[in-house]
Every structure is written in C-alpha cells, then in structure tokens.
Amino acid sequence: MVAGATGLVGREILADLLADKTVAAVHCIGRRKLDLKHAKLHAHVVDFAALTTLPKVDECFIALGTTIKVAGSQDAFRALDLKAVEAVALAVKRSGATKLGVVSAMGANTQSPVFYNRVKGEMEISLARMGFKSLVIARPSLIDGDRAALGQAGRAGEGLGLKLARCLGPLIPSNYRAIKASDIAHALVHHVQAGVPGVVTLMSGEMQGGG
C-alpha cells in the first residue's frame, strides 16, 4: 500500500515497488486519480477522513505531506500530516499490514517551537504506539525534486535553498544536505522490506545515495 503516490517521494516509492519482482501487487490510495497504468497497480481514490476497509496488504508506505501555506491553515495542515497519516496506518493495520514506512521531517520533535516540526513529532509518536511489528521513519532534509513536473507549487525558499545546497555540496554536513526524492524512497523501501523489529529512524545523511 502506498499513500501519497502523487508526491515527490511517493512517486519514487511507487516506481521502486512496481519494478520489484518480489512485489505481487501495489495498492495506491490518494485524494485524486493516479495518472498511471501498470499490470500490478490498483489505484483507489479515497477520503482520508472517512476511510473504509482497505485491501489486505503486508506492508505500507505513507508519503503524505503538505505545507501550512498550501493547506491554508494550521488545522488543515494537521488534518493531512497527522490525522490522515494516523487514519491510513490504522486502516492498513486492520488489513493485515505488519510493516510500515513513513516520510517525516528532519526536525520532527513534539517540543519544537516550530508548528510544522511539532506535528511531525506527534505523528511519529502516534505511529510508534500502534504496535506495528516494524516501523521505519524517514527524516529527510530539504528534498531535491521537480515539484513543477507534478503540478505542485514550489515551497517558500525551497528553490533558493536547493541552489545553495547543490553549490556547497560536501561542505554541508550530510544530515543537512539536500537529498534526492529517489534516495529517500530507495532507503525507505529497503528498510521496510528488511522488517527489522521495532522502530527504525533514518536520518537524512543515512539515506544519501539510497542507503
């Protein structure tokens, strides 16, 4: 199961799973239609606030996320980045999933003075309490990818930040360098499929190169 397959990281997760011969079927859920056809892809348009029974799956990847500016308010942001993520996780657990991977943020912390990071921290704690056999949390730094190609608006300061990050490169500590969406996806898929028991947190530096 993939939630958020129309986003930068979600798209790459989906591509990895469709190319993986050990994966028999991939179910995608999202708020809008997925513009992709594949023999083992099953796409479902859903309302995250009213999820019904989902297909039986073994593992789930959640790559849902927005910004307060795009969402329109803190409440709307929380509805997607916290409530929708929780709803998907609970639904797939009821459908048999034992392994879960989620895209969070580098600064995730319930005590952060930054609202965005506090919500991400709340989300991580909530998922950790759900009792999945294996939970993998990816905490990327600035994500390097073409949002315009996906019809997404650029995020404030992101374009300038990516240009600086690409120029400075090795001078920036690995956890703070911009990271390709494909690297995040490769690392998350690899670690979820490995199924290490408990909670595994992948910092941005660890995911560079898809590790």
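Presented here is an overview of the structure given in this document. (Residues numbered from 1 in each chain as written. Predicted model: local features only at pLDDT ≥ 70, side-chain atom pairs only at ≥ 80, totals over all residues. Heavy atoms only, no water.)

1. Some thoughts on the pattern of salt bridges
Right, on to step 1. This model, assessed by the stated rule, comprises five salt bridges.
Right, on to step 2. Among the salt bridges present, the one from Glu59 reaches Lys99, with a minimum N-O distance of 3.4 Å. Of the two residues, Glu59 sits in strand 4 (residues 59–62) while Lys99 sits in strand 5 (residues 99–103), which places them 40 residues apart along the sequence.
Right, on to step 3. For Glu86, the salt bridge identified is with Lys83, shortest N-O distance 3.9 Å. (Salt bridge = Lys/Arg side-chain N within 4 Å of Asp/Glu carboxyl O. Helix = DSSP H or I, 4+ residues; strand = E, 2+ residues; numbered from the N terminus.)

2. Considering the layout of surface pockets
Right, on to step 1. What the second largest pocket holds in volume is close to 280 Å³.
Right, on to step 2. Forming the boundary of the second largest pocket are 14 residues, of which Val23, Ala24, Ala25, Asp58 and Glu59 lie nearest the centre.
Right, on to step 3. Those elements that provide at least two residues to the lining of the second largest pocket are strand 2 (26–30) and strand 4.
Right, on to step 4. Split by residue class, the lining of the second largest pocket holds eight nonpolar, three polar and three charged. (1 Å grid on protein atoms, 1.4 Å probe; cavity = no way out; pocket = protein on both sides within 12 Å on 5 of 7 lines; lining within 4 Å. Points joined across faces, edges and corners; volume = space filled by probe spheres on them. Nonpolar A, V, L, I, M, F, W, Y, C, P; charged D, E, K, R; others polar.)

3. Some thoughts on the nonpolar core
The tendency in soluble globular proteins is for nonpolar side chains to be buried side by side.
Right, on to step 1. With 31 residues, the main nonpolar core has Phe48, Ile62, Leu64, Val88, Val92 and Leu127 as its most contacted residues.
Right, on to step 2. Listing elements by their share of this core, those giving two or more residues are strand 4, helix 3 (74–94), strand 5, helix 4 (115–128) and strand 6 (134–139).
Right, on to step 3. Setting aside chain neighbours within four positions, we find Ile62 in contact with Ala3, Val85, Val88, Ala89, Leu100, Gly101, Val102 and Val103. (Core = buried A, V, L, I, M, F, W, Y, C linked by side-chain atoms within 4.5 Å. Buried < 20%, exposed > 50% of the residue type's maximum accessible area, 1.4 Å probe, protein only. Contact = heavy atoms within 4.5 Å.)

4. Structural notes on the packing of aromatic side chains
Right, on to step 1. Evaluation of the coordinates by the stated rule reveals two aromatic pairs.
Right, on to step 2. Aromatic side chains Phe77 and Phe115 sit 5.9 Å apart centroid to centroid with 55° between the ring planes, which places their arrangement in the tilted category. With Phe77 in helix 3 and Phe115 in helix 4, the pair connects residues that are 38 residues apart, well separated along the chain. Across the pair, exposure class does not vary: Phe77 and Phe115 are buried alike.
Right, on to step 3. Ring geometry for Phe77 versus Tyr116: centroids 5.4 Å apart, planes at 35°, classification tilted. (Phe/Tyr/Trp six-rings, centres within 6.5 Å; stacked < 30°, edge-to-face > 60°.)

5. So, helix 1 (residues 8–19)
Right, on to step 1. With 12 residues, helix 1 should reach 16 Å at 1.5 Å per residue; the first-to-last C-alpha distance of 17 Å fits that figure.
Right, on to step 2. Buried within helix 1 we find Leu8, Val9, Gly10, Ile13, Leu14, Asp16, Leu17 and Leu18. (Expected span 1.5 Å × (residues − 1).)

6. A look at the sheet that holds strand 9 (residues 198–203)
Right, on to step 1. With parallel pairing, seven strands are arranged side by side in an open sheet as 3-2-1-4-5-6-9. Both edges of this open sheet fall to strand 3 (41–45) and strand 9, since each of them pairs with a single strand only.
Right, on to step 2. Of the strands in this sheet, strand 5, strand 6 and strand 9 touch helix 4, which is tilted by about 180° from strand 5. (Pairing = 2+ DSSP bridges. Axes fitted to C-alpha atoms, helices over the stretch in contact; angles between N-to-C directions.)

7. Focus on the environment of Ala43
Right, on to step 1. Tracing the backbone shows Ala43 in strand 3.
Right, on to step 2. Taking C-alpha positions, Ala43 is 7.5 Å from Lys33, a pair spaced 10 residues apart along the chain.
Right, on to step 3. When residues no more than four places from it in sequence are discounted, the contact partners of Ala43 are Cys28 and Leu34.

8. Some details on the packing of helix 3 against helix 4
For any two helices packed against each other, the geometry comes down to the angle between their axes and how far apart the axes lie.
Right, on to step 1. At their nearest, the axes of helix 3 and helix 4 sit 10 Å apart, and the two run at 15° to each other. On the basis of their axis angle, the class for helix 3 and helix 4 is roughly parallel. Seen from above, helix 3 lies across helix 4 with right-handed handedness. Of the residues in helix 4, those in contact with Gln74, Phe77, Arg78, Asp81, Leu82, Val85, Glu86 and Ala89 of helix 3 are Phe115, Tyr116, Val119, Lys120, Glu122, Met123, Ser126 and Leu127.
Right, on to step 2. In terms of residue class, the contact of helix 3 with helix 4 is made up of nine nonpolar, two polar and five charged. (Parallel < 35°, antiparallel > 145°, perpendicular 65-115°, else oblique. Left-handed = near helix turned anticlockwise from the far one by under 90°.)

9. Looking at the side chain of Asp183
Right, on to step 1. Within the secondary structure layout, Asp183 lies in helix 6 (residues 181–194).
Right, on to step 2. Buried and without a salt bridge, Asp183 has Lys180 as its closest oppositely charged side chain, separated by 6.0 Å.
Right, on to step 3. Beyond its immediate stretch of four places on either side in the chain, Asp183 contacts Met207, Gln208, Gly209 and Gly210. (Lys, Arg positive; Asp, Glu negative; His and termini not counted.)

These results come straight from atomic positions and should not be treated as a statement about function.
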